Amino acid sequence: MRPPRKKILISFILIFVFLFLSGEAMSQRRRRGEVPPADSLRTDSLRQDSLPQIDSLALKAPKKDALDAPVVYEATDSIVFTEGGFAHLYGDGKVTYEKIELASQIISMNMDSSTVFARGVADSLGVVKGKPVFKDGDDSYETNTIRYNFKSKKGIISNVVTQQGEGYVIGHNAKKGANDELYMRRGIYTTCDHHDHPHFYIQMSYGKVRPKKNVVTGPAHLVVEDVSLPLVVPFFFFPFTSSYSSGFIMPTYMDDSNRGFGLVDGGYYFAISDQMDLKMKGEIFTKGSWALGGESTYNRRYKYSGSLNANYQVTKTGDKNMPDYSVSKDFKITWSHRQDAKASPNSTFSASVNFSTSSYERSNVGNLYNAQAMTQNTKTSSVSYSRSFPDQHLTLSGTANIAQTMRDSSISMTLPDLNIALSRIYPFKRKEVVGEERWYEKISLSYTGRLTNSIKTKDTEIFKAGLQQWNNAMSHTIPIDATFTLFKYLNVTPSFNYTERWYTRKYEKEYNDTKRTLEVTDTISGFYRVGNYSGGISLNTKLYGMYKPLFMKKKQIQVRHVFTPQVSFTGAPGFGQYWEHYDDGTEEGKYYSPFEGQQFGTAPRERQGTISFSMSNNLEAKYLKKDSLHKISLIDEFSTNLSYNMAAKEKPWSDMGVNLRLKLSKSYTFSFNTSLATYAYEFDKNGNVVVGNRTEWSYGRLGRFRGYSTSFSRTLNNETFKKWFGRGEKDEKPAPKGGGTNDDDESDDADTGGIPAKKVEKAKIGSDGYQAFNMPWSINIGWSIGFSEDTSKPINKNTMRYPYSISNNTISLSGNLKISNRWSFNFNSGYDFVAKKIPQTACTISRDLHCFNMSASFSPFGVYKYYNFVIRANASVLQDLKYDKRSQTQTNIQWY
């Protein structure tokens, strides 16, 4: 047996060899830079500053844990523990303590002092990978290196990047405080997401960042493309919040030829709640003009949403005490309200209000660069509410309508317009049906009642009008009808209609022999009923025909013809009790109704009896191709209609209407609607051309063509030419590796630490082997043309026809051209061939500068010519960081 002393000696030798080899391996890793010096954290100032001085009382106190919670750490490569309580994490290390999380390629942690140091690793090309990412709750920081103390929650950070609101705060050397604030010198603030090299930034001398609260700095200046601009501020304050916040709205400078110099669109924004806000803005000019407006938006989820805008302005033009001096006071109200369909299934409320005085649109500064507002001639507003009762088949609705004509400042208002409607019911239908349906069970009726209160006046007189100037009326309509089948093929529909009107006034008139006109002499108020009724019957059927074309007997093709004739008769007695006779100097005299011109008209004086004829045709072809059936529409519809008035004493025939519709392609349908005059022209005893009592048929002609107008539009783009010339995307293929690039594109760059980098996109190669040319564009071409009889020219005495001339011929052009991924051009123009002029034209060129946007707008043709150049930051928090150059405005242009 070997002596025990030898065993002990061998054990000591093995332990010594193991420690020697471990030390050599650690030294080699230190020389490669993979392990920091052992004393790098021992001399850490954070550990020395954060630990209090130990006094005699502290030595007697019981020992406490260094941290309040366990520290969880992990790594994908290895974890090495060294003397002094150090732990070194290699390969995607991660340390978690409470809500604090630190991830990096290399992390060194001292358990005794609660400090941690993290950094990335540079590869052979010098690119640093695995940079530290520090998260404290919802706050996240990207850094180059970080030294942090878990106990004091303080740290030293180099090249920190943190996003606050829409911007980024970048500090080369920053200190993190215990309350998550950051203190830094020579930091920068930018909204550009190129953190390593932003296009622009605000250089701070020193600053304090309170995450999700604000940034406060000392003196700062603006830097654009590495050029320091002489735009210096003594300090600036940026608030950050995830909710709405109130604040000032910076005004815009403007120079107007009539108003003088001014500030516009300045004011204050009120964040009332998450469901409502208010924006108060105003403008003021040196010559006395001013304006004040308020805009509010509201939104209640699953209930309703909308916006309300009210503006008042005082416009002073010219010089005081001079003939051209004028003062106008105008206002405008716009309101848009939408109700969610799920809020109340049986009731709806909506509003679309756009009301203003006529001079407001002509003098408002905001419309000077709006071509649509400058040429707008009419405005309509409406507010409506409806309530339905399905069980009672009733619907109640109310509407307020306003129609304005800007040309003559006239206004037509209906307030209110109430309606009650009873949907179709079958009063004679049995509740328990036994056997076949009886004829009287097919009889149905409905009811519609309407009450209106309206006025027509000037917009300046609307609030001065009394109750006597408003017209009140109510109507009741009861239609009764049924549908029967006669001889299995004929559909017979008899109908009866009763209409009654209630008026509160009537107008007495007398004939003025001097002016030869009928004039109102008296207005009598009261309650008046005007009723009439009519009846009719119609017959219609459908006839089908199938045949093969003679020249296609051998092919599997068939043509189907659908012929739909209809004959109807309507008749009504005369209601002469609602008419008055007056002497106009002729033997028979004429009649007028005291209720003419009111909301619902009056009853007809003479009896009526009209027979109407109509025919509709449809042609479709079906053919078999490759065991599949295809259908083609040859004539979608070809119809004619004509009527004969049996009660008329002369010219009983109406003009013949002709309608033609052809589906030329999937995207275009040709429509032709016109009328052929039945009665021919003739000369009266004075030699004037009039429409006589002799029909065109008597001359062997079908009718006199009155004219025709049509319009169509087509959109052309890159894909259109590819289809026309048979070139598609299959002719393009990606370039091989190392191919061309597009400098204007952007994409993610691998291993950049989350920092966006310039995008490298493989170029496409065309069928010819060269790089494919790609410039997206789109042009919309619209053409409207119409021609009719030109009665201003002499008539052809042989054919008794006027020559035809073009009444309107206009081409409209609009489109856009994307010169590159960042350049774009938009335009809107056209040409009027009748007036021989170019209408209002607008062009816009814009350039995307990544975090900036540059645009230039101009109008070279039209009533108003202008230009406008703007370059501004894209971020909403920096909307006031802009350069705006406009042409001098001219507000004294006559639009009409």
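You'll find the structure just up there.
Residues numbered from 1 in each chain as written. Predicted model: local features only at pLDDT ≥ 70, side-chain atom pairs only at ≥ 80, totals over all residues. Heavy atoms only, no water.

A.B. asks: Got a minute to help me understand the sheet that holds strand β53 (residues 777–789) in this structure?
C.D. replies: Pairing within the open sheet is antiparallel, and its eight strands lie in the order β48-β53-β54-β55-β56-β57-β58-β59. Strand pairing shows two members of the sheet lacking a second neighbour, β48 (707–717) and β59 (882–886), which therefore form its edges. Neighbour-to-neighbour, the strand axes of this sheet turn through a mean angle of 5 degrees, independent of strand direction. Of the strand pairs in this sheet, β48 and β53 are connected by eleven bridges, and their pairing is antiparallel. Counterpart to Gly707 in the pairing with β53 is Ser788. (Pairing = 2+ DSSP bridges. Helix = DSSP H or I, 4+ residues; strand = E, 2+ residues; numbered from the N terminus. Axes fitted to C-alpha atoms, helices over the stretch in contact; angles between N-to-C directions.)

A.B. asks: Looking at this structure, I do not really get the pairing of strand β23 (residues 260–270). What am I missing?
C.D. replies: Every regular strand shows the same layout, with side chains that alternate between the two sheet faces. Sheet topology note: the strand β21 (residues 247–249)/β23 ladder contains three bridges and is antiparallel. Bridge assignment links Gly247 to a residue of β23, and that residue is Tyr269. With five bridges connecting them, strand β22 (residues 252–256) and β23 associate as antiparallel partners. Counterpart to Tyr253 in the pairing with β23 is Leu263. Here β22 folds back onto β23, and the loop between the two strands holds three residues.

A.B. asks: Would you mind showing me how to read a nonpolar patch on the surface here?
C.D. replies: Taken together, Tyr253, Phe261, Leu263, Ile284, Trp290, Leu292 and Tyr312 make up a surface patch of nonpolar side chains, about 730 Å² in accessible area. Listing elements by their share of the nonpolar patch, those giving two or more residues are β23 and β25 (290–300). Tracing the sequence through the fold places Tyr312 in strand β26 (residues 304–317). Overall, the relative accessible area of 35% leaves Tyr312 in the partly exposed class. (Patch = residues over 30% accessible without salt bridge, like charges linked within 9 Å, V, L, I, M, F, W, Y side chains within 5 Å. Areas by Shrake-Rupley, 256 points an atom, 1.4 Å probe, with all protein chains shown as cover. Salt bridge = Lys/Arg side-chain N within 4 Å of Asp/Glu carboxyl O. Buried < 20%, exposed > 50% of the residue type's maximum accessible area, 1.4 Å probe, protein only.)

A.B. asks: Help me understand the side chain of Ser296 in this model?
C.D. replies: Checked against the element boundaries, Ser296 lands in strand β25. Among the polar contacts made by the side chain of Ser296, one reaches the main-chain carbonyl oxygen of Asp277 at a distance of 2.7 Å. Apart from the residues lying within four places of it in its own chain, the contact partners of Ser296 are Met276, Asp277, Leu278, Gly306, Ser307 and Leu308. (Polar contact = N/O pair within 3.5 Å; in protein donor to acceptor, adjacent residues only side chain to side chain. Contact = heavy atoms within 4.5 Å.)

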